[in-house]
Amino acid sequence: MLKFRDYIRVESKAEYEKAIASIEGPVLLLAGGSDLLVQARQDDRYEDHTVVDIFGIEELRTIEDTEGHLVIGACVTHEAIAQSLLVNRYAPILAEAALSVGSVQIRNHSSIGGNLANASPAADTLAPLAVLNAEVVILKDGIESVVPLAEIFEGPYKTNLGDRDLIVSVRVPKLSADVRHDYTKVGRRKALSISRMTIATLLQTDENGVVTRFDMTMGATFPCPMTFPDISAMLVGKRPTKEDISEVARALSAKIPEIAGIRASTRYKQPVCRRLSVRILQELIGDEQHA
Amino acid sequence: MKTYTIGKSIGRIDAHAKVTGRAEFGADIRLPDLLYLKGVYSQYAHAKLLAVHTQQAENMPGVVCVVTGQDIPGERMIGELFIDQYPLAYDKVRYLGDVIAVVAADTQEQADAAAKLVTADYEPLPVLGSPRVAMESEYLINEEYPGNICGEVHMRKGDVEKGFSESDVVVKTNFRSAYIEHAYLEPESVTVIPSPMRPELTILGSMQAPYNARISLHRTLNVPMSQIILRPSTVGGSFGGKIETAEAMSIRAGLIALKTGRPAQYTLTREESMRESYKRHPIEFEMEIGATKDGTLKSMRIYSISDGGAYTNMSPPVAYKTATLGAGPYRLDNVDVTATAVLTNNNHTGSMRGFGVPQALFALENTLDQLAEKLDMSPTEFKRKNLLKNNDTSPAGHVLDFHEVSVLSLLEKAAAELDFDRKFTQYKQENKDPNRRIRRGVGIAVSMRGVSIGADGNGHDVSRILIEVMQDASVHANLGLVELGQGLRTCQMQMVAEGMGVNVDRVTMGATDTSRSPVTGACIASRGTLLGGGATLDACKRVHAILVEGLQKTYGEDIGPVVFENDRVLFDDHDLSFVEVVKNCYGANLTPMAVGTYSVPITNWDPKKGFGEPFYTYSYSCQAAEVEVDLDVGSVDVIKMVGCHDMGRAINPVLVHGQIYGGLAMAQGMALSEDVGHDSKTGALKNLNFSGYLLPTVLDVPDTNVPILEEHPDPRSAFGGRSIGEPSTEPGAAAITCAVNMALGKPGMIHELPYDLDRVFAAAQELWGEDDVEIS
């Protein structure tokens with residue numbers, strides 16, 4: 001049985017700010033509930049928490065197209081992201097990742113902000129947001145600020161956000177149409193599967209086949225979302241050869257023991273990462289691959 | 001035989017109530033003054049239970065009482081065949097699902113809160129977390145079972161040593177299966193209602209075997225059987241799983257209902273259900289099989305050890321089926337199978353769809369594929385040469401001269417549907433290329449399923465039905481076999497209509513109620529159609545005799561033979577409506593009502609020698625699978641499965657299709673993804689709900705799966721039907737594994753269940769894992 005101290009539903013950011021000012025004791029933000037309600041079933045950990053339901057705040061449920069960014073409200077659901085024309089156009093890798101979350105029932109009740117706040121290393125959107133260089137808009141003590149995605153995470157299931165800090169939106173720089181992408185998810189079944197590993201890749205080349213942008217990272221692998229400038233540098237400025245691809249795959253998969261340490265899963269994840277990376281890059285580079 | 005109702009896919013009688021949400025499941029029941037219960041689980045998998053402290057819980061708001069094993073007035077243990085299970089732990093706990101106390105309160109929240117305050121004193125004992133450990137331990141989980149061995153069954157024929165010496169090729173293998181959760185959608189729920197008039201209990205809820213529960217309730221609570229009434233609610237799936245657990249819960253709730261005089265409801269959460277309920281047996285196999293170079297099977301030795309868990313439950317009869325059916329439907333002169341069951345401090349294991357045979361076929365068929373490869377034969381070539389035919393003798397020694405032995409025909413149909421032979425050749429060639437990272441494979445597996453309990457229950461396999469024809473000529477059947485979702489009651493209704501010779505819309509099926517339906521055993525062991533059908537035919541004959549007696553009073557003694565067919569009654573030169581004949585019967589002050597009884601004939605089985613006729617009759621099956629394996633990830637994609645089955649006669653073909661679709665999906669889960677996360681150090685299960693225990697989803701199960709029926713009505717069954725529930729899932733995991741091993745390029749490579757991702761990847765690495773797989 002779920003146990004909470006109290007439950008308040010707010011309809012706007014202003015109401016939210018008013019509500020948290022008057023609440024005594026710890027606050028728990030409910031942004032759909034696909035993680036929170038599951039965790040609340042385990043024990044009485046939230047017994048003294050006041051639930052503030054922000055899922056109905058309209059301002060947090062829109063996707064806006066600004067000059068250089070898509071601004072995705074924190075309470076936009078994974079299903080809405082997957083179906084959004086804007087996201088499919090300007091950040092299609094994110095739309096694909098959102099579509100791979102859970103099942104349609106879960107996607108309709110899980111939000112991108114909630115997914116970040118829960119900070120599960122296995123969250124499907126984290127690797128795409130990392131390669132997209134996404135930023136997060138935080139409302140803290142009445143002030144909104146923009147921080148890089150990686151900065152809010154401290155470890156698995158741990159952020160540096162206070163219980164009254166609100167993720168307002170996620171800012172995703174828009175990709176130009178010639179950026180190719182791949183999102184690969186390894187799971188034990190085709191739906192309702194917690195990722196064993198995800199790989200997110202963005203690749204852009206010029207008319208000569210020279211790589212102008214390359215970002216690749218894994219999810220469900222590291223404690224926090226990671227980006228790897230050293231890996232990017234291995235291809236940028238080059239017309240990649242087979243050997244280059246092999247080198248990238250080797251270097252990227254070597255990050256697993258390097259960052260996450262050697263675990264029981266390393267024996268699986270490291271070689272699988274290497275093989276999938278080769279496959280993904282071959283696919284993205286295609287005919288431009290050089291001998 | 002011309003039939004009017006059976007063989008037709010009439011709509012299910014429970015469909016409307018179920019799809020409109022009106023059907024009442026166990027946890028839907030609400031009653032005035034209802035108490036809600038919460039069980040307290042043991043903290044140890046193995047310990048002496050010294051004391052249980054309930055005072056603090058009893059003082060909590062809303063709590064009405066707390067019961068422990070000390071409160072049981074009658075015998076303390078239950079069991080269907082072997083009485084060794086505590087419904088409430090008394091002096092010892094044997095696994096983490098043992099319940100040491102139950103709290104009853106006015107609300108579920110109050111019961112949950114109070115249950116946390118129950119404590120106990122234990123003296124921990126070593127956890128015997130696997131059969132090997134238990135067999136070698138000086139500790140006994142139950143004093144009655146030396147060496148912790150709770151069952152050992154043999155099947156022997158010929159001389160295996162001689163057979164191996166005559167073989168040109170002999171393969172030896174090891175296989176191991178895992179726990180499987182039944183994963184019924186509805187967790188267990190029982191409600192016990194005490195009578196205000198007398199010591200009488202009415203038990204509603206989700207249960208598979210009400211007559212078994214009646215015996216246990218009688219023995220533990222000292223209530224006469226006539227005053228224990230079980231009326232199962234709509235059951236949301238069972239697959240063999242709602243027998244002993246539901247029974248133990250009924251006793252706990254019954255104890256509270258008697259003590260308080262209030263109705264008591266006891267519903268498990270999914271986590272509690274996974275923790276407490278029994279599972280499918282994990283079994284280890286050592287196989288040795290020999291053949292001559294022309295591909296003739298000569299000799300087979302199988303040694304299996306199953307994990308019985310904390311209580312004997314159904315382990316010996318499960319071992320009986322592993323032993324007597326584990327050699328498959330093959331012609332074989334020399335065979336020696338030993339199936340041993342061992343008690344451990346794990347979840348007990350018992351009845352589950354297939355009952356010890358899916359595991360055995362997984363080991364058998366993958367070993368046979370290895371043998372076939374050594375002989376340079378394809379799996380189908382090898383099977384064509386060795387499968388049983390009419391008048392052959394089964395591995396156990398049963399001469400199959402009494403029905404059509406159709407398994408070879410099933411093999412041909414399943415192989416044709418999958419295009420097995422062509423694909424086998426093509427994929428085998430393709431898979432020689434080390435750069436091919438996504439590979440395809442096909443696998444095919446066969447089975448013969450003993451119908452009903454078998455000779456280990458010789459003489460005890462009985463069913464009964466009460467059929468009453470009312471004054472308006474409606475035909476009411478009271479049958480104790482429970483509808484578990486498989487469509488049993490629709491099929492039974494069709495058989496009643498056929499047997500009575502009336503339109504099916506005259507027939508109504510009474511809700512299962514032990515106070516109205518005579519004792520009939522449980523809906524288990526592929527016995528519903530054979531046993532229910534047999535009792536129905538007998539009851540119809542008896543009711544007909546009464547109706548004929550009425551006709552004789554009116555039309556004279558010498559009316560000759562009377563035929564009841566298609567709602568008409570024919571005799572002499574008369575052609576009367578059934579309605580008229582019923583009116584006539586009541587007019588003569590007769591009662592057209594009868595109990596029909598059927599018992600399975602005793603078969604000639606020698607349990608000491610392990611030879612003879614282990615079952616009365618058999619269903620035959622062949623399932624085939626095509627898979628795609630990604631060597632770089634270890635993922636397995638099932639592309640298509642075919643289930644080709646001879647269930648004798650399909651009483652309702654659409655319902656048979658439903659069983660096959662479901663059975664194939666269940667087999668897929670067993671092979672690839674279902675894993676309880678058992679820890680053999682502690683006896684604990686990690687995956688206590690469906691986010692960790694991974695059932696295949698609708699996206700994983702191919703929508704191209706094909707059911708094929710081949711019907712040969714069985715002369716040994718009243719209406720020709722045998723069974724499909726268990727056969728439909730039996731060979732599937734074997735077929736998928738054969739296909740995966742073919743894709744990997746080495747039969748028998750994967751030999752442990754389940755095996756998606758890591759295990760397949762490791763196998764692929766071992767076989768094809770040069771460090772620098774070059775990049776085509």
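Please read these numbers as outputs of a predicted model, since none were measured by experiment.

On to the overall build of chain B. A count of helical and extended segments in chain B gives 19 helices and 28 strands. Here the C-alpha atoms of chain B give a radius of gyration of 27 Å, agreeing with the 28 Å that 2.2 N^0.38 yields for 776 residues. Across its three principal axes, chain B shows a C-alpha extent of roughly 85 × 80 × 50 Å. Look at the contacts in chain B between residues 6 or more apart in sequence, and 81% of them connect residues 24 or more apart. Surface summary for chain B: the accessible area is close to 26700 Å², and the carbon and sulfur share equals 51%. When the 71 positive and 99 negative side-chain charges of chain B are each reduced to one mean point, those points stand 2 Å apart.

Segmentation of chain A into domains returns domain 1 (6-53), domain 2 (58-173) and domain 3 (180-288). For domain 1 of chain A versus domain 3 of chain A, the separation of C-alpha centres amounts to 37 Å.

Each side of the interface is counted separately: chain A has 25 residues, and chain B has 31 residues. Carbon and sulfur atoms supply 45% of the area buried between chain A and chain B, which totals about 2500 Å² over both sides. Contact with chain B buries surface across chain A, with Arg188(A), Arg189(A) and Arg275(A) losing the most and accounting together for 29% of the total. Connecting chain A to chain B are 8 salt bridges. Close ionic contact of Arg41(A) with Glu271(B) constitutes a salt bridge, the shortest N to O distance being 2.8 Å. Where chain A touches chain B, the interface holds 14 residue pairs in polar contact (both at pLDDT 80 or more). Counting only elements with at least two residues in the side of chain A that touches chain B, the list comes to helix H10 (242-260) and helix H11 (266-285) of chain A. When residues of the side of chain A that touches chain B are assigned to their parent elements, the largest contribution, 10 residues, is made by H11(A). Along the lines of polarity and charge, the residues of the side of chain A that touches chain B split into 9 nonpolar, 3 polar and 13 charged.

Right, let's talk about the pairing of strand S3 (residues 50-53) of chain A for a bit. Because side chains alternate across S3(A), one face comprises the buried residues Thr50(A) and Val52(A), and the other comprises Val51(A) and Asp53(A), equally buried. Between the parallel pair strand S2 (residues 27-30) of chain A and S3(A), the chain is carried across by helix H2 (residues 36-42) of chain A, and the sense of this crossover is right-handed.

Bringing the domain arrangement of chain B into the picture now. Residues and elements named next belong to chain B. One can read the domain layout of chain B as domain 1 (31-125 + 188-267), domain 2 (356-453 + 615-768) and domain 3 (462-599). Between domain 2 and domain 3, the residue contacts involve 19 residues of the former and 19 residues of the latter. On the domain 2 side of the interface with domain 3, the three residues burying the most area are Ser452, Ile651 and Phe719, jointly 39% of the side's total. At the boundary of domain 2 and domain 3, one finds 0 salt bridges. If you look at where domain 2 meets domain 3, you find 6 residue pairs in polar contact (both at pLDDT 80 or more). Across the side of domain 2 that touches domain 3, the residue classes tally to 8 nonpolar, 7 polar and 4 charged.

A word on the side chain of Ser195(A). With respect to the helices, strands and loops of the structure, Ser195(A) is situated in the loop between strand S11 (180-186) and strand S12 (197-205). When sequence neighbours within four positions are dropped, the list of residues in contact with Ser195(A) reads Ala122(A), Asp124(A), Lys185(A), Val186(A) and Ala220(A).

Bringing the sheet that holds strand S21 (residues 568-571) of chain B into the picture now. Residue and element names in this part refer to chain B. Taken together, 3 strands build an open sheet; the order of strands is S20-S21-S22 and the sheet is antiparallel. Each edge of the sheet is formed by a strand with only one pairing partner; in this case those strands are strand S20 (563-565) and strand S22 (574-577). Between one strand axis and the next, the sheet turns through 25 degrees on average, direction left out of account. Looking at chain direction, S20 and S21 are connected through 3 bridges and run antiparallel. By the bridge assignment for S21, Glu565 is matched with Arg568. Together, S20, S21 and S22 form the strand contacts of helix H16 (residues 578-587), whose direction differs from that of S22 by roughly 85 degrees.

Moving on to the environment of Glu711(B). All names here are of chain B. Counting through the fold element by element, Glu711 comes out in the loop between strand S28 (706-709) and helix H18 (732-744). Sequence spacing of Glu711 and Ala650 is 61 residues, and the spatial spacing of their C-alpha atoms is 6.8 Å. If we skip the residues at most four places from it in the chain, Glu711 touches Asp646, Met647, Gly648, Arg649 and Ala650. Within the structure, Glu711 has its side chain in polar contact with the backbone nitrogen of Ala650 (distance 2.9 Å).

Here the focus is the confidence of the model for chain B. Note that predicted coordinates carrying low pLDDT should not be read in detail. Residue and element names in this part refer to chain B. Taken as a whole, chain B shows an average pLDDT of 96; of its residues, 99% reach a score of 70 or greater. Across residues 772-776, where pLDDT falls below 50, the model places 14 contacts with residues more than four positions away in sequence or in other chains. Here the predicted complex carries an ipTM of 0.94, next to a pTM of 0.97.

What counts as what
Residues numbered from 1 in each chain as written. Chains lettered and ligands numbered in written order. Predicted model: local features only at pLDDT ≥ 70, side-chain atom pairs only at ≥ 80, totals over all residues. Heavy atoms only, no water. Helix = DSSP H or I, 4+ residues; strand = E, 2+ residues; numbered from the N terminus. Rg over C-alpha atoms; globule rule 2.2 N^0.38 Å. Contact = heavy atoms within 4.5 Å. Areas by Shrake-Rupley, 256 points an atom, 1.4 Å probe, with all protein chains shown as cover. Lys, Arg positive; Asp, Glu negative; His and termini not counted. Charge placed at Lys NZ, Arg CZ, Asp CG, Glu CD. Domains from an automatic or database assignment. Buried area = accessible area lost by both parts, 1.4 Å probe. Salt bridge = Lys/Arg side-chain N within 4 Å of Asp/Glu carboxyl O. Polar contact = N/O pair within 3.5 Å; in protein donor to acceptor, adjacent residues only side chain to side chain. Nonpolar A, V, L, I, M, F, W, Y, C, P; charged D, E, K, R; others polar. Buried < 20%, exposed > 50% of the residue type's maximum accessible area, 1.4 Å probe, protein only. Right-handed = clockwise from strand over helix to strand, strands pointing away. Pairing = 2+ DSSP bridges. Axes fitted to C-alpha atoms, helices over the stretch in contact; angles between N-to-C directions. pLDDT = per-residue confidence, 0-100.

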